[in-house]
Amino acid sequence: FTDIEDLATGGNLPVDTLTPLVTKDLDEYWATALTGYRPVSAVIPYDVGPLSESRLPTCGDERPDPENFEDTIFYCEEGDFVAWDNQLLSTAAENYGDFAVATLIATSWSDAVHTRVKSKTKGKARTLEADCLTGSWVGSLVEQIREPELSLSPGDLDEAMQALLKYERSLDKKLSAFDRAGSFRKGFQDGAGACVK
């Protein structure tokens, strides 16, 4: 921890302070890691509740069903935006810590990267690719080879692992915790180049 105040908060930032730092840093990281990277066009936080349908982000021609938007975060390729349920991020921060929130955002950013590099992976392989790409971003925060918007606090890597394992992204239930942690570790240690073939 950097000081007594940092220790008192466990190194955790409030979600509304954290999210703009994370999204800015993700774009800055990917701009250094990928030639010709363009930033994600928008982030769209939303709340699900009565009469919320008209305020939910639409992806393509799909009419939003509030039930499908609860406790989720996603990247929309058609609109090039990342959207999330505010309640999901609040719950993740409360239960696991602020870096769980950062990891959830980073995995959706990895879907944007997947599109930008024209990766052909699908299903289980795509989930592992996203875990690896997320790990590469987290590794860049540790290496400090650039000037990131964030720094890690004690316990943040544990929070990242908890987020990856708690919030299942793949419909393929054959993925194990070892698969996902191993893919994250590969990106963390070897960088983004190790993630996409």
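This text goes with the structure placed above it.
Just so we're clear, the structure is a prediction, and the values are computed from it rather than from any experiment.

(A) Focus on the sheet that holds strand β2 (residues 73–76). Taken together, the 3 strands give an open sheet; going across it, the order is β1-β3-β2, and neighbouring strands pair in mixed fashion. Each having just a single partner strand, β1 (42–46) and β2 make up the two edges of the open sheet. Along the sheet, successive strands turn relative to each other by an average axial angle of 20°, direction set aside. Sheet analysis places β1 next to strand β3 (residues 81–85), joined by 5 bridges and oriented parallel. Its bridge partner lying in β3, I44 is registered against A83. Contacting β1, β2 and β3, helix α5 (residues 98–116) runs over the sheet at an angle of about 20° to β2.

(B) Summary view of the packing of helix α2 (residues 15–33) against α5. Taken N-terminus to C-terminus, the directions of α2 and α5 make an angle of 35°; their axes are 10 Å apart at the nearest point. Every pair of crossing elements has a handedness; the one defined by α2 and α5 is right-handed. Each of V15, L18, T19, V22, T23, L26, D27 and W30 in α2 lies in contact with α5, whose residues at this interface are D98, V101, A102, I105, A106, W109 and V113. Its residues assigned to classes, the contact of α2 with α5 shows 11 nonpolar, 2 polar and 2 charged.

The rules we used
Residues numbered from 1 in each chain as written. Predicted model: local features only at pLDDT ≥ 70, side-chain atom pairs only at ≥ 80, totals over all residues. Heavy atoms only, no water. Pairing = 2+ DSSP bridges. Helix = DSSP H or I, 4+ residues; strand = E, 2+ residues; numbered from the N terminus. Axes fitted to C-alpha atoms, helices over the stretch in contact; angles between N-to-C directions. Contact = heavy atoms within 4.5 Å. Left-handed = near helix turned anticlockwise from the far one by under 90°. Nonpolar A, V, L, I, M, F, W, Y, C, P; charged D, E, K, R; others polar.

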